[in-house]
Amino acid sequence: MAALDGLPPLRDVIARHGLDAKKALGQNFILDLNLTQKVARNAGSLEGVTVIEVGPGPGGLTRAILALGAKKVIAIERDPRCLPALKEIADHYPGRLEVIEGDALKTDFASLAPGEPVKIIANLPYNVGTQLLVNWLLPGQWPPFWQSLTLMFQKEVGQRIVAREDDNHYGRLGVLCGWRTEAHMAFDIPPQAFTPPPKVTSTVVHLVPIEKPLPCDPDKLEKVTQAAFGQRRKMLRQSLKPIGGEALLARAEIDPQRRAETLSVEEFCRIGNLL
């Protein structure tokens, strides 16, 4: 792909700008541009689409997204050391890359491209990835501002995202994702594909919003799942005690002796609607 976009190999870019990955920022860079293209392709067609990327680093995934025809990329980058490398990409694709220096957790994503078709594609920093996903899942207004999420996580997090009841990985994240999205794991990425190599396998997860999910208030559903899975080994009558316990479960017609991991998304919504 270096030949495809005419920009230098990522290894050279990283060396020239002194971009050693910082553990404190959860950084792990992918240098294989064929692999970053594979990630971007999983988002489907990018023609006419504005893509939001979080944590672009030296820009390997950014380059893939632009080369695959995205109308524009808006990249949120917290590390000022990466800005010169990203500027080189912006100069190569005039008017198509906007870089915002800032903290993704404090960014109002819905306001970045109002009225535009938006997809989010990111190799998320390990330390903020799950929280960002939850933020994108729980806006009051639905369908959301984004058409799809194509995100890279540690494989264990990916398994939690797609898990359903009676699965060992099922928890709060599985309920929230199962409530509002269709989610699947696309493919795994081995540690050696990254610089520096993490200790775990990563995976790419693709999520598409369900237009009309089961009616439930996001705050109430989050409150129920936090209580239920906060003490997941206990029966629901005990774990849900702070929010209504057996009386609440009786109204929801759910056996108080069951445990959180046996409840379907529909049953969690039923409890949430009774809070």
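Worth saying up front: this structure is predicted, and the values here are computed from it rather than measured. (Residues numbered from 1 in each chain as written. Predicted model: local features only at pLDDT ≥ 70, side-chain atom pairs only at ≥ 80, totals over all residues. Heavy atoms only, no water.)

## With respect to the sheet that holds strand 4 (residues 97–101)
Alright, step 1. Strand order in the open sheet formed by 7 strands is 4-3-2-5-6-9-7, and the pairing between neighbours is mixed. In this open sheet, the two strands that pair with only one neighbour each are strand 4 and strand 7 (181–189). Sheet twist, expressed as the average angle between the axes of neighbouring strands with direction ignored, equals 20 degrees.
Alright, step 2. Sitting on the sheet, helix 5 (residues 83–92) is in contact with strand 3 (72–77) and strand 4, with an inclination near 165 degrees to strand 4. (Pairing = 2+ DSSP bridges. Helix = DSSP H or I, 4+ residues; strand = E, 2+ residues; numbered from the N terminus. Axes fitted to C-alpha atoms, helices over the stretch in contact; angles between N-to-C directions. Contact = heavy atoms within 4.5 Å.)

## Observations regarding empty space enclosed by the protein
Alright, step 1. Taken as a whole and judged by the stated rule, the model has 2 cavities of 30 Å³ or more.
Alright, step 2. The computed volume of the largest cavity comes to approximately 400 Å³.
Alright, step 3. Looking at the largest cavity, it is lined by 33 residues, and the ones nearest its centre are V54, G55, P56, N123 and P125.
Alright, step 4. Every element with two or more residues in the lining of the largest cavity is listed here: strand 1 (29–30), helix 3 (33–41), strand 2 (50–54), helix 4 (60–67) and strand 3.
Alright, step 5. In the lining of the largest cavity, the residues fall into 17 nonpolar, 11 polar and 5 charged.
Alright, step 6. What the second largest cavity holds in volume is close to 30 Å³. (1 Å grid on protein atoms, 1.4 Å probe; cavity = no way out; pocket = protein on both sides within 12 Å on 5 of 7 lines; lining within 4 Å. Points joined across faces, edges and corners; volume = space filled by probe spheres on them. Nonpolar A, V, L, I, M, F, W, Y, C, P; charged D, E, K, R; others polar.)

## Description of the nonpolar core
Alright, step 1. Membership of the largest hydrophobic core comes to 53 residues, with the highest contact counts inside it found for L133, W136, L151, I161, L207, F268 and I271.
Alright, step 2. If sequence neighbours within four positions are ignored, L207 has contacts with L133, W146, S148, L149, L151, I161, C177, T181, E182 and A183.
Alright, step 3. If you look at the next biggest cluster of nonpolar residues, it comprises 37 residues, including F29, I65, V73 and I89. (Core = buried A, V, L, I, M, F, W, Y, C linked by side-chain atoms within 4.5 Å. Buried < 20%, exposed > 50% of the residue type's maximum accessible area, 1.4 Å probe, protein only.)

## As for unusual backbone geometry
In most cases, non-glycine residues show a negative phi, while peptide bonds are predominantly trans.
Alright, step 1. Residues W142 and P143 are joined by a peptide bond in cis, for which omega reads 5 degrees.
Alright, step 2. With respect to the element layout, P143 can be found in the loop between helix 6 (129–137) and strand 6 (146–154).
Alright, step 3. The step from T195 to P196 runs through a cis peptide bond, and the omega angle for that step is -10 degrees.

## Points about the packing of aromatic side chains
Alright, step 1. For the coordinates displayed, the defined rule picks out 4 aromatic pairs.
Alright, step 2. When the ring of F109 is compared with that of W136, the centres are 5.3 Å apart and the planes differ by 85 degrees; the resulting orientation is edge-to-face. Residue F109 is found in the loop between strand 4 and strand 5 (118–123), and its partner W136 is found in helix 6; the two are separated by 27 residues along the sequence. The pair formed by F109 and W136 is uniform in burial state, with each residue classed as buried.
Alright, step 3. A connected cluster of aromatic rings, assembled from ring pairs, spans Y170, F229 and F268.
Alright, step 4. Here K38 stacks its cationic end above the ring of F187, 4.3 Å away from the centre of that ring. (Phe/Tyr/Trp six-rings, centres within 6.5 Å; stacked < 30°, edge-to-face > 60°. Lys NZ or Arg CZ within 6 Å of the ring centre and 35° of its normal.)

Taken by themselves, the reported measurements are silent on function.
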